[in-house]
Amino acid sequence: MKKCFTLIPILLIIAFMVGCHDHTSTTTIAKIHSHSSQKEHHDKKTKPNKIQEEKSQKEQLLAQAKVSAEQYDYQKSITLLKKSDISMDVDIQNAIDTYEKQMKNLVTWPDNSQISHLFFHSLIVDPSKAFDGDEMAHGYEDNMVTINEFKKIINQLYERGYVLLNLQDIATLDKKGKMVYQDIKLPPGKKPMILSQDDVSYYEYMKNDGFAKNLTLDANGNVTSTYVNEKGKAVQGAYDLVPIIDDFVKEHPDFSYKGAKGIISLTGYNGVLGYRTSESDYGPNSDEPNPNFKKDQQQAKKVANALKKEGWRFASHTWGHLNAKEVSLDLLKKDTSKWKKEVEPIVGPTDTIIFAFGSDIGDWKQYSNDKYYYLKNQGFNYYANVDASKAYWSQLGPDYFRQARINVDGLRMREALTGENNVLNPFFDVKKVFDSLRPTAKKLILYKGSSNNS
């Protein structure tokens, strides 16, 4: 009996140990199963995410390439796709093949001297305010176009095959400093042209006359314009040339050659882009200090950077809107220095000068005078005057490019309606564009036997 009782504790200990071992094994197995299940669930969850990410990446890549291709930059599209991590994807390969075929169909523009340049001033938002009979009304009718007119003009330009490009696309300096023409490759039937807008400063005299107040940025960082409506409320929208063109190119990418939009020509004496940024006119030591001077400079710079990102270029229009032909070289130097001090820090350096008053620093012969040598030394390689006697005129100098611009405004359109000048005919039908809200509209519309075309 004593021996039997001695064995019982031993057997109990063994049983307990076996039980513990079984419990440990069960727990371990449970953990393994749990980990395996979690991994399987994680793999199932991760795999669709990865597939979705790759799909999204491919869609973005193809969309980006499509825009470049629509703007005739097929090489950019092809390079983008070939350098991607998914370049061997079937859809990517198909897109590359398509763009390579389309690129072969492009033709080189035959003569870079035959490219037109149209320019505008600020657009009239409210004709009733601009044409209200005050001392400014006649100038507005002569020099401006309304938003309704401008929208019709760009639609007709697009329908007639015109495509926006930059001056630098026409000609550029080679490594030796010689100005040489560049190949402009477009589909058959397309015609390159330059677009520019003068005096994008929203001068003080324009206040309450039916024009936009400034160019600014919306909540998404896109360039838009501000307009103070009849209730005195500041609203944002496409109230001037820049946002209208931006919207149009988004809808019609093929209206732009490699992302080009146009040239914004700036003076400096009232500031730029609707901001009172001139230190000499609005700084702390000026006669009329702007309390928001620094803030205006910062905002103007943000807008300028966004404009450049969107394909816009800047040009000097001289700081004080000078007649470069009439002023002395000394005054031209002082004015240029002021532009570089007050405007260039906001918009960045520019190699283009668009002369105010349609003036120039020389006749039709190649430049060879002190004013040219000075401006060239200041970094200006592109020069523009005004000549509405023909659809295009330009001059390829040894180290510069000069181009004539056509003013699209009330004066030029009235001449078209009366038959005095037909220079606008290749670009749009003035009878279908001319705004019936213009003071001279009834007389001119009756003269042409046309009905309401506003």
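Treat the numbers as computed from the prediction; the structure is a model and nothing was measured.

Cut-off values and rules
- Residues numbered from 1 in each chain as written.
- Predicted model: local features only at pLDDT ≥ 70, side-chain atom pairs only at ≥ 80, totals over all residues.
- Heavy atoms only, no water.
- Helix = DSSP H or I, 4+ residues; strand = E, 2+ residues; numbered from the N terminus.
- Contact = heavy atoms within 4.5 Å.
- Areas by Shrake-Rupley, 256 points an atom, 1.4 Å probe, with all protein chains shown as cover.
- Axes fitted to C-alpha atoms, helices over the stretch in contact; angles between N-to-C directions.
- Parallel < 35°, antiparallel > 145°, perpendicular 65-115°, else oblique.
- Left-handed = near helix turned anticlockwise from the far one by under 90°.
- Nonpolar A, V, L, I, M, F, W, Y, C, P; charged D, E, K, R; others polar.
- Buried < 20%, exposed > 50% of the residue type's maximum accessible area, 1.4 Å probe, protein only.
- Core = buried A, V, L, I, M, F, W, Y, C linked by side-chain atoms within 4.5 Å.
- Pairing = 2+ DSSP bridges.

A. Quick look at the overall build of the chain. For the chain, the helix and strand inventory stands at 16 helices and 16 strands. Long-range pairs, those at least 24 residues apart, make up 67% of the contacts in the chain between residues at least 6 apart in sequence. Approximately 23900 Å² of the chain is accessible, and the part contributed by carbon and sulfur atoms is 53%.

B. Up close: the packing of helix α2 (residues 74–82) against helix α3 (residues 90–104). Here α2 crosses α3 at 160 degrees, and the two axes come no closer than 9 Å. When the axis of α2 is compared with that of α3, the two are roughly antiparallel. As for the relative orientation of α2 and α3, their crossing is left-handed in sense. Mapping the contact onto sequence places Tyr-74, Gln-75, Ser-77, Ile-78, Leu-81 and Lys-82 in α2 and Ile-92, Ala-95, Ile-96, Tyr-99, Glu-100, Gln-102 and Met-103 in α3. A per-class count over the contact of α2 with α3 returns eight nonpolar, three polar and two charged.

C. Structural context of the environment of Phe-255. Within the secondary structure layout, Phe-255 lies in the loop between α8 (241–251) and β11 (263–266). Phe-255 sits in the buried class, given a relative accessible area of 1%. Separated by 94 residues in the primary sequence, Phe-255 and Gly-161 place their C-alpha atoms 8.2 Å from one another. Once residues within four sequence positions are removed from consideration, Phe-255 is found in contact with Ile-154, Leu-157, Tyr-158, Tyr-162, Val-163, Leu-164, Ile-245, Phe-248 and Val-249.

D. A look at the side chain of Ser-278. The topology assignment puts Ser-278 in the loop between β11 and α9 (279–282). Residue classification places Ser-278 among the buried residues on the basis of a relative accessible area of 1%. When sequence neighbours within four positions are dropped, the list of residues in contact with Ser-278 reads Gly-268, Tyr-269, Gly-271, Gly-283, Phe-293, Trp-319 and Glu-342.

E. The arrangement of the nonpolar core in detail. Membership of the largest hydrophobic core comes to 57 residues, with the highest contact counts inside it found for Ile-245, Leu-273 and Leu-307. The element contributing the most residues to this core is α8, with six residues. If we ignore the near neighbours within four places in the chain, the residues touching Ile-245 are Phe-150, Ile-154, Leu-164, Leu-195, Phe-255, Lys-261 and Trp-312. Of all hydrophobic cores here, the second largest spans 18 residues; its members include Leu-165, Ile-194, Ile-263 and Ala-315.

F. Representation of the sheet that holds strand β10 (residues 234–237) in the model. On the basis of which strands lie adjacent, the open sheet formed by three strands has the order β8-β9-β10 and antiparallel pairing. Edge positions in the open sheet fall to β8 (214–217) and β10, since each of these has one partner strand only. When strand polarity is set aside, the average angle formed by the axes of neighbouring strands in this sheet is 40 degrees. Examined bridge by bridge, strand β9 (residues 223–228) and β10 share four bridges and lie antiparallel to one another. If you follow Tyr-227 over to β10, its bridge partner there is Val-235. Where α8 meets the sheet, it contacts β8, β9 and β10, and its direction lies at approximately 135 degrees from that of β9. In the packing of helix α10 (residues 293–309) onto the sheet, the strands contacted are β8 and β9, and the crossing angle to β8 comes to about 80 degrees.

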